[in-house]
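# Structure at a glance
Each chain, written out:
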Amino acid sequence: MIKNIWKDRFFIVGFLFVFGLLMASFYHQIVLDNEIYEEQYIYDEEGMPKEKAPFEPSSHYWFGSDRMGADLFSQIISGAKYTLGFALVVSLLRVGLSFIGSFLLWRAGRVMPFIKGLSQSFYYIPSALLIFFVVGPIIQLENYTFWEKAFFEMLLIIAIAVPNTSILIKEEINLIEKEEFITSAKLMGGSRLRILAKHILPHLWPKLLLVYVQQVIAVLLLLAHLGILGVFFGGTTMREFTNEYEIPVSDSNEWSGLIGGYYYQLRLAPWLVFFPVFSFAAVILAFNFMAEGIKRSANKLPIPKTVKSKGERKPNISLVENKSFVFLSQKKTG
Amino acid sequence: MPYILKDSFLSMILSIIGIILLGSVPYMFSGMTFNTSGYLDGITEMFRVMLNPEEIMYFAESGPYPLFPSMWGIYGYSVTILFAAFFIAIIVALMFALFIFMLPSGLKNRIRVFSFVFESIPDVLIAIGIQFFIVWFFKKTNILLFQIVSLYDQKTYFVPILCLSILPTFLILRILLLNIEEEYEKLYVDTARSKGMGRFRILWRHVLPNTLLSVFHQSRNILWFMLSNLLMIEFLFNIYGITSLIRTSGNPAVFTISMLLLFVPMFLFFTLLRVITFKWVGEK
């Protein structure tokens, strides 16, 4: 079932988009040495300054430029690997931990309703607000390095999704457990571990893949929200713009950092906020396509292996030509 | 029926405890190290404060104020926006679903793809897009369509509710379209048709109530999703609502009490839905 996804149009389109973006980002990193074209003025033929940054989107600056004149398109390409990489890794850890958690819950028994009730409280709190509320005061502290802060925030982003995802996976396991073949396996005397490994897990993988893709979407949305609220990864440095004031600049061009950094220039240069948000939208759409593809192919039956043509199907009994008739008593056995 | 009430009561108590536990999480970290005893102290303190809500102070620039009398206005505003958007989304989605269902099937598939694409758009993009549109329209024609930014004492309703209801509309529309299709496969539709009932009447009297049930089942997820949207919209439109209050105060007690207050109407709504579905189809 899981191999069918490579034959699904929706999945392939989404996958190619994300894969292409990541490849472009690494190409930019390795071949172009992560260089971002930056020029504050556009000159006309006589070498006189014609226009001053920020530039509007044009054929030269596809997505426009910021006030430093840095090309937004290359910034977005360069930041893609951080944002996508972060979302992919965080969701993997979320699903991995929830997978372990679901096994703990599987045998929880009577405590289960209580755990379920407690974790319901996550449904009444927007997750971006919770992260903002806990992380906000801590990342303003001076005495921690950038990596410590990033790691801390990452742990929190992982932790808030684990309880509910564990319950979700546990319910999927329970659904599979109700199938008839599990009962027959039990009747045949299969031990609990064997039933889990041989009968439940093969049916769980496609569901886990779907949960994973949905988690990636959730993490990307969360990142966009946190970016708007001004909490972002990738580090912020204050860069001098003129003598009078400094503007926050994202170190790694990570997308939520781009949104947060440019948010204050919304009225001056709307495209600076629009295009990072638009990139988020495009990637989320691609992941939604992948999720749709997984759902579709999970409903299909496995494609039967190619049937051999009649010529190949001939029974390969070696005919005994010279001794067509032998008495059984004379035939050597063994 | 008694089972539903008992179960709802249990889940209410547990959710309240859960929200308080989450609200005390800032006490868990001193700097970046875990501080278990601090967390336990924080929880007991939080329970004490929740029992005496009049003690909670809110720090504004001009000094501390008691949170409570002034909180109700802010709270009522946010809840109005949230629920108005939710009900508008359901009604609009229903109307669209009925309309789309009357269309020929080739067009139907195209609309389904379109709504799928639209649903993936993040809320932030929609809010920013609408803001730009209004500003652009104002620059071109000098007509200010709506008050975009709400000032402290002036409350705007139209634009935030519009922004907040767009995404849930598409979400609900998708659920409805999927389920209408599933319901139509069922046998009772054939029976009704063989008795000579009209196409629209079957849809309206039999299929639609059953599909609405599935929307009710999803309503918790939809409202949760709308809460995050509310946070964004209050920030982007500079609305002074409940999430802005939490954001600016940064006080765990304010956070917890606001979340508990938001929890109450949502929880009542879900319990009401459970009771209604029980009376309707006998489903627990």
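Per an unreviewed UniProt entry, the recorded name for chain B is ABC transporter permease subunit, and the organism is Fictibacillus nanhaiensis. We quote the UniProt Sequence similarities (unreviewed entry) comment for chain B here in full: "Belongs to the binding-protein-dependent transport system permease family." Per UniProt, the comment on chain B under Subcellular location (unreviewed entry) is "Cell membrane".

Under an unreviewed UniProt entry, the name given to chain A is ABC transporter permease subunit, and the source organism is Fictibacillus nanhaiensis. Quoted verbatim from the Sequence similarities (unreviewed entry) heading of the UniProt record, the comment on chain A is "Belongs to the binding-protein-dependent transport system permease family."

Within chain A, the regular secondary structure consists of nine helices and four strands. Going residue by residue from the N terminus, the α and β elements of chain A occur as α-β-β-α-α-α-α-α-α-β-β-α-α. Counting only residues that meet the buried cut, chain A has 48% of its 334 residues in that class. A total of about 19,200 Å² of accessible surface is found on chain A, and carbon and sulfur atoms cover 62% of it.

Turning next to the overall build of chain B. Within chain B one finds ten helices and four strands. Shown N-terminal to C-terminal, the secondary structure of chain B runs as helices and strands in the order α-β-β-α-β-β-α-α-α-α-α-α-α-α. Projected onto its principal axes, the C-alpha coordinates of chain B cover approximately 70 × 60 × 35 Å. Classification of the 284 residues of chain B by burial places 50% in the buried group.

This brings us to the domain arrangement of chain B. Interfaces are frequently sized by the accessible area removed from exposure as the parts join. Splitting chain B by domain gives domain 1 (2–65) and domain 2 (70–249). Domain 1 of chain B and domain 2 of chain B are separated by 32 Å when their C-alpha centres are compared.

Counting residues at the interface gives 44 residues for chain A and 47 residues for chain B. Its largest share of buried area at the contact with chain B, chain A owes to Tyr123, Tyr124 and Phe133 of chain A, together 19% of the area lost on that side. A salt bridge links glutamate 292 of chain A to arginine 174 of chain B, with the nearest nitrogen and oxygen atoms 3.7 Å apart. Run the count over chain A and chain B and you get four residue pairs in polar contact (both at pLDDT 80 or more). Broken down by secondary-structure element, the contributors of at least two residues to the side of chain A that touches chain B are α3 (112–119), α4 (127–139), α5 (146–177), α7 (192–229) and α9 (271–299) of chain A. Considering every element that reaches the side of chain A that touches chain B, the biggest residue donor is α9 of chain A, with eleven residues. Class assignment of the residues belonging to the side of chain A that touches chain B gives a composition of 33 nonpolar, six polar and five charged.

Right, let's talk about the pattern of salt bridges for a bit. All names here are of chain A. All chains considered together, the criterion is met by seven salt bridges over all chains. In this structure, lysine 116 engages glutamate 171 in a salt bridge whose closest nitrogen and oxygen atoms are separated by 3.1 Å. Here lysine 116, found in helix α3, pairs with glutamate 171, found in helix α5; they are 55 residues apart in sequence, far enough to count as distant. Classification of lysine 116 as partly exposed rests on a relative accessible area of 36%.

Grouped together as the largest cluster of nonpolar side chains are 176 residues, with contacts concentrated most on Ile228 and Phe287 of chain A together with Leu67 and Leu223 of chain B. Looking at this core, the element that brings in the most residues is α7 of chain A, giving 21 residues. Both domain 1 (2–65) and domain 2 (70–249) of chain B contribute no fewer than three residues apiece to this core. With residues near it in sequence (within four places) discarded, phenylalanine 287 of chain A still touches Val18, Leu84, Leu88, Val213, Val216, Ile217 and Leu220 of chain A.

A turn of α-helix holds 3.6 residues, and therefore any two residues three or four places apart point the same way. With eight of its eight residues buried, helix α8 (residues 255–262) of chain A lies for the most part within the structure. Buried within α8 of chain A we find Trp255, Ser256, Gly257, Leu258, Ile259, Gly260, Gly261 and Tyr262 of chain A.

Below, the discussion takes up unusual backbone geometry. The phi dihedral of asparagine 238 of chain B falls on the positive side, at around 55°, and the residue is not glycine. Along the chain, asparagine 238 of chain B turns up in the loop between α8 (199–236) and α9 (242–249).

Residues and elements named next belong to chain A. The sites that UniProt annotates as "transmembrane region" (unreviewed entry) are residues 12–30, 82–109, 121–139, 151–169, 208–233 and 268–291. A distance of 26 Å separates the end C-alpha atoms of residues 12–30, which is 100% helix and 0% strand. End C-alpha to end C-alpha, residues 82–109 measures 41 Å, and it is 89% helix and 0% strand.

The rules we used
Residues numbered from 1 in each chain as written. Chains lettered and ligands numbered in written order. Predicted model: local features only at pLDDT ≥ 70, side-chain atom pairs only at ≥ 80, totals over all residues. Heavy atoms only, no water. UniProt positions renumbered as here; feature names shortened; annotations may be inferred. Helix = DSSP H or I, 4+ residues; strand = E, 2+ residues; numbered from the N terminus. Buried < 20%, exposed > 50% of the residue type's maximum accessible area, 1.4 Å probe, protein only. Areas by Shrake-Rupley, 256 points an atom, 1.4 Å probe, with all protein chains shown as cover. Domains from an automatic or database assignment. Contact = heavy atoms within 4.5 Å. Buried area = accessible area lost by both parts, 1.4 Å probe. Salt bridge = Lys/Arg side-chain N within 4 Å of Asp/Glu carboxyl O. Polar contact = N/O pair within 3.5 Å; in protein donor to acceptor, adjacent residues only side chain to side chain. Nonpolar A, V, L, I, M, F, W, Y, C, P; charged D, E, K, R; others polar. Core = buried A, V, L, I, M, F, W, Y, C linked by side-chain atoms within 4.5 Å.

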